[in-house]
Amino acid sequence: MPETFLLWLSWPLLIGGLLFFAAGSLGLLRFPDVYSRLHALTKADTLGLGLVVAGLSCRADSLLEVGQMLVIWLLVLASGATACQLLARQAREEHGDD
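Residues numbered from 1 in each chain as written. Predicted model: local features only at pLDDT ≥ 70, side-chain atom pairs only at ≥ 80, totals over all residues. Heavy atoms only, no water.

Trainee: Quick rundown of the overall build of the protein chain? Include the residues and the values.
Mentor: Along its length, the protein chain carries three helices and zero strands. Since a compact globule built from 98 residues should have a radius of gyration of about 13 Å, the 17 Å found for the protein chain marks it as more spread out than a globular shape. Projected onto its principal axes, the C-alpha positions of the protein chain cover 60 × 25 × 15 Å. Burial analysis of the protein chain (98 residues in total) assigns 21% to the buried set. Of the roughly 7100 Å² of accessible surface on the protein chain, 71% is carried by carbon and sulfur atoms. Side chains of the protein chain give 6 positive and 9 negative charges; the mean places of these two sets differ by 6 Å. (Helix = DSSP H or I, 4+ residues; strand = E, 2+ residues; numbered from the N terminus. Rg over C-alpha atoms; globule rule 2.2 N^0.38 Å. Buried < 20%, exposed > 50% of the residue type's maximum accessible area, 1.4 Å probe, protein only. Areas by Shrake-Rupley, 256 points an atom, 1.4 Å probe, with all protein chains shown as cover. Lys, Arg positive; Asp, Glu negative; His and termini not counted. Charge placed at Lys NZ, Arg CZ, Asp CG, Glu CD.)

Right, dumping it as structure tokens:
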């Protein structure tokens, strides 16, 4: 019974993650300036990956798999924030925005 519940719980999480990935990609394509695009992409993709990790954790066979997914998510959080900061700084230097 708990396995069936976790299976059903994983679907909304996975679909929600997919929707956030799609929203981030759409924001990257549609927003007018580099700062809005970076914001949409990093926020939506970070939350999307978190939901996918939560959904896959419900289906995982062991705590080791869950731990590995959480470590990957934390690394993506750190690297995404760092990359976004560097790209925004470079854009500001190139365009002269203060």
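Trainee: Could you give an account of the packing of helix H2 (residues 34-59) against helix H3 (residues 63-95), with specific residues and numbers?
Mentor: The description of two helices packed together rests on the angle between their axes and the distance between the axes. For the pair H2 and H3, interaxial distance at closest approach is 10 Å and the crossing angle is 180°. When the axes of H2 and H3 are compared, the pair comes out roughly antiparallel. Where H2 approaches H3, its residues Val-34, Tyr-35, Leu-38, Thr-42, Thr-46, Leu-49, Gly-50, Val-53, Leu-56 and Ser-57 are matched on the opposing element by Val-66, Met-69, Leu-70, Trp-73, Val-76, Leu-77, Gly-80, Cys-84, Leu-87, Ala-88, Ala-91 and Arg-92. Looking at side-chain class alone, the contact of H2 with H3 contains 16 nonpolar, five polar and one charged residues. (Axes fitted to C-alpha atoms, helices over the stretch in contact; angles between N-to-C directions. Parallel < 35°, antiparallel > 145°, perpendicular 65-115°, else oblique. Contact = heavy atoms within 4.5 Å. Nonpolar A, V, L, I, M, F, W, Y, C, P; charged D, E, K, R; others polar.)

Trainee: Please set out the UniProt feature "transmembrane region" (unreviewed entry) in the protein chain residue by residue, giving values where relevant.
Mentor: Under the present numbering, the feature "transmembrane region" (unreviewed entry) in UniProt falls on residues 6-28 and 69-88. Each end of residues 6-28 is marked by a C-alpha atom, and these two atoms are 33 Å apart; helix forms 100% of the span and strand 0%. Between the C-alpha atoms that bound residues 69-88 there is a distance of 28 Å. The span itself is 100% helix and 0% strand. (UniProt positions renumbered as here; feature names shortened; annotations may be inferred.)

Trainee: Break down helix H1 (residues 2-30) for me, citing the residues and quoting the values.
Mentor: Across its 29 residues, H1 extends 42 Å between first and last C-alpha, which sits within 8% of the 42 Å expected from 1.5 Å per residue. Against H2 lie the buried residues of H1. (Expected span 1.5 Å × (residues − 1).)

Trainee: I'd like a rundown of the environment of Leu-51, residues and numbers included.
Mentor: Mapped onto the elements, Leu-51 comes out in helix H2. Residue classification places Leu-51 among the partly exposed residues on the basis of a relative accessible area of 21%. For the pair Leu-51 and Ile-15, spaced 36 residues apart in sequence, the C-alpha to C-alpha distance is 8.5 Å. Non-local contacts of Leu-51, meaning those with residues more than four positions away in its chain, are made with Leu-13, Leu-14, Gly-16, Gly-17 and Phe-20.

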